[in-house]
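Architecture at a glance
The lines below spell out each chain.
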Amino acid sequence: MTSLTKSDMRKAVDQVLKEMKDNGIRVQDAKKLQTDAVDTMTFFPFLRPSSDNSGGTTTQLKLEGTVQMFYNSAGYYVPVAVFLSGDHPLRPPVCMVKPTPEMMIKPNHQHVDCEGVVYLPYLHEWDRRSSIIEMIKKLSEVFGSDPFIFKRPPQSQQPP
C-alpha cells in the first residue's frame, strides 16, 4: 500500500465532504473534520479515507484500514474503521473492529461487541477537544491488555 501525501489525503477528504454536502448532510466544522482526519491518517498511515454510503448515499467520512497494536511485545495489524459524522467534533466517532474472514472477535469482550462496535470510556467522555488519534491509542491499550480479536481456529473436518 503506497503512502498518501497530505495533499492527497486532503483531496480525498474534501471529495467525501462534497458528497456529504450534495446529499444534504450538514457538516458542522468541515475544516476541523478535514484536519482531524488528515492528522489521524498521518499518524496511522494504513488508514484510508472513503465515504460511508451503506444506505446508498454518502452520510459519513470513513477512515478504514489497519492499525498496528501490540500484545506481549508482538505487533499485530488490526483492521478498523472510524466513522466521522457531520457533527464531528461535537459527537464522538463510531469505531469498529473489522475482522477479516480469518479472524474473529473475542466473545463477550468488555470493549468490543460481537458486531465489532467499540465501547471505550474515552468515547463516552468525548468533547470537541478529544482526538481520534487518542481514541485509537486507547483502543490499542485495550488490545495490549485484553485482545479483542484473534485468528479464527481451524475448523476440524468431520468424518463423512
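Calculation notes
- The residue numbers shown here count from 1 along each chain, following its written sequence.
- Totals for whole chains, interfaces and linings use every residue, but because this is a predicted model, local features are given only for residues with pLDDT of at least 70 and side-chain atom pairs only at 80 or more, for both listing and counting.
- Just so you know, side-chain values use all the structure's heavy atoms and leave hydrogens and water out.
- Classification of ring pairs rests on two measures: the distance between centres of Phe, Tyr or Trp rings, Trp counted by its six-membered ring, which must be within 6.5 Å, and the angle between planes, read as stacked under 30 degrees, edge-to-face over 60 and tilted in between.
- For every residue, the accessible area obtained with a 1.4 Å probe (protein chains only) is divided by the maximum for its type, and the residue is called buried under 20%, exposed over 50%, and partly exposed between those limits.
- Starting at the N terminus, helices and strands are each numbered in turn, a helix being any DSSP run of H or I of at least four residues and a strand any DSSP run of E of at least two.
- Expected helix span is given by 1.5 Å per residue-to-residue step, counting one fewer step than there are residues.
- In what follows, a contact means two residues having at least one pair of non-hydrogen atoms within 4.5 Å.
- At least two DSSP bridges between two strands are needed for those strands to be called paired.
- Helix axes use the C-alpha atoms of the stretch in contact, all axes being lines fitted to C-alpha atoms, and the angles between their N-to-C directions lie in the range 0 to 180 degrees.
- Residues belong to a common nonpolar core when they are buried Ala, Val, Leu, Ile, Met, Phe, Trp, Tyr or Cys residues joined through side-chain atoms within 4.5 Å.
- Take a side-chain nitrogen of Lys or Arg and a carboxyl oxygen of Asp or Glu: if they are within 4 Å of each other, that pair is a salt bridge.
- The cut-offs work like this: below 35 degrees is roughly parallel, past 145 is roughly antiparallel, 65 to 115 is roughly perpendicular, and the gaps in between are oblique.
- Starting at the helix axis, one direction is taken to each C-beta atom, and the arc is that of these directions.

1. Describing the packing of aromatic side chains
- For the structure on display, the rule yields 5 aromatic pairs.
- Ring geometry for Phe43 and Phe44: centres 4.9 Å apart, planes at 70 degrees, overall edge-to-face.
- Judged by relative accessible area, which is 45%, Phe43 ranks as partly exposed.
- Look at Phe44 and you get buried, because its relative accessible area is 10%.
- In textbook terms, an aromatic cluster arises when at least three aromatic residues are bridged by ring pairs, as seen for Tyr76, Phe143 and Phe148.

2. Concerning helix α2 (residues 30–43)
- A rise of 1.5 Å per residue sets the reference length of α2, with its 14 residues, at 20 Å; its end C-alpha atoms lie 20 Å apart and thus fit the reference within 8%.
- Within α2, burial applies to Leu33, Gln34, Asp36, Ala37, Val38, Thr40 and Met41.
- Buried residues along α2 sit against α1 (6–22), β1 (47–52), β2 (60–71), β3 (74–84) and α4 (132–145).

3. Re the sheet that holds β3
- One open sheet holds the 4 strands; their spatial order is β1-β2-β3-β4, and the pairing between them is antiparallel. The open sheet has two edge strands with one neighbour each: β1 and β4 (94–97). Going across the sheet, the axis of each strand differs from the next one's by a mean of 30 degrees, ignoring polarity.
- As paired strands, β1 and β2 are joined by 6 bridges and run antiparallel to one another. Paired with Leu47 across the bridge in β2 is Gly65.
- Contacting β1, β2 and β3, α2 runs over the sheet at an angle of about 30 degrees to β2.

4. Looking at the nonpolar core
- Ranked by internal contacts, the top residues of the largest apolar core, which has 37 residues, are Met135 and Phe148.
- Elements supplying a minimum of two residues to this core: α1, α2, β2, β3, β4, α3 (121–124) and α4.
- If one sorts the elements of this core by residue count, α4 sits on top with 7 residues.
- The contact partners of Phe148, leaving out residues within four places of it in the chain, are Met69, Val78, Val97, Met104, Ile105, Lys106, His109, Val112, Leu139, Val142 and Phe143.

5. Topic: the pattern of salt bridges
- One pass over the full model with this rule turns up 8 salt bridges.
- With a shortest N-O distance of 3.2 Å, Glu64 and Lys62 are connected by a salt bridge.
- According to the relative accessible area criterion, Glu64 is partly exposed, its value standing at 29%.
- Asp127 is the partner of Arg129 in a salt bridge, and the nearest nitrogen-oxygen pair spans 2.9 Å.
- Under the relative-accessibility criterion, Asp127 is labelled partly exposed at 27%.

6. A few points about the packing of α2 against α4
- Here α2 crosses α4 at 40 degrees, and the two axes come no closer than 9 Å. The pairing of α2 with α4 is recorded here as oblique in orientation. Contact with α2, carried on its side by Asp36, Asp39, Thr40 and Phe43, involves Ile132, Ile133, Ile136 and Lys137 of α4 and no other residues of that element.

7. Overview of α1
- Given a rise of 1.5 Å per residue, 17 residues ought to cover 24 Å, and the 24 Å separating the end C-alpha atoms of α1 matches this to within 8%.
- When α1 is considered as a whole, its buried residues turn out to be Met9, Val13, Val16, Leu17 and Met20. On an axial view of α1, the arc spanned by its buried residues comes to 100 degrees, and they lie on one face. Among the exposed residues of α1, those oriented more than 90 degrees off its buried face are Lys11, Lys21 and Asp22.

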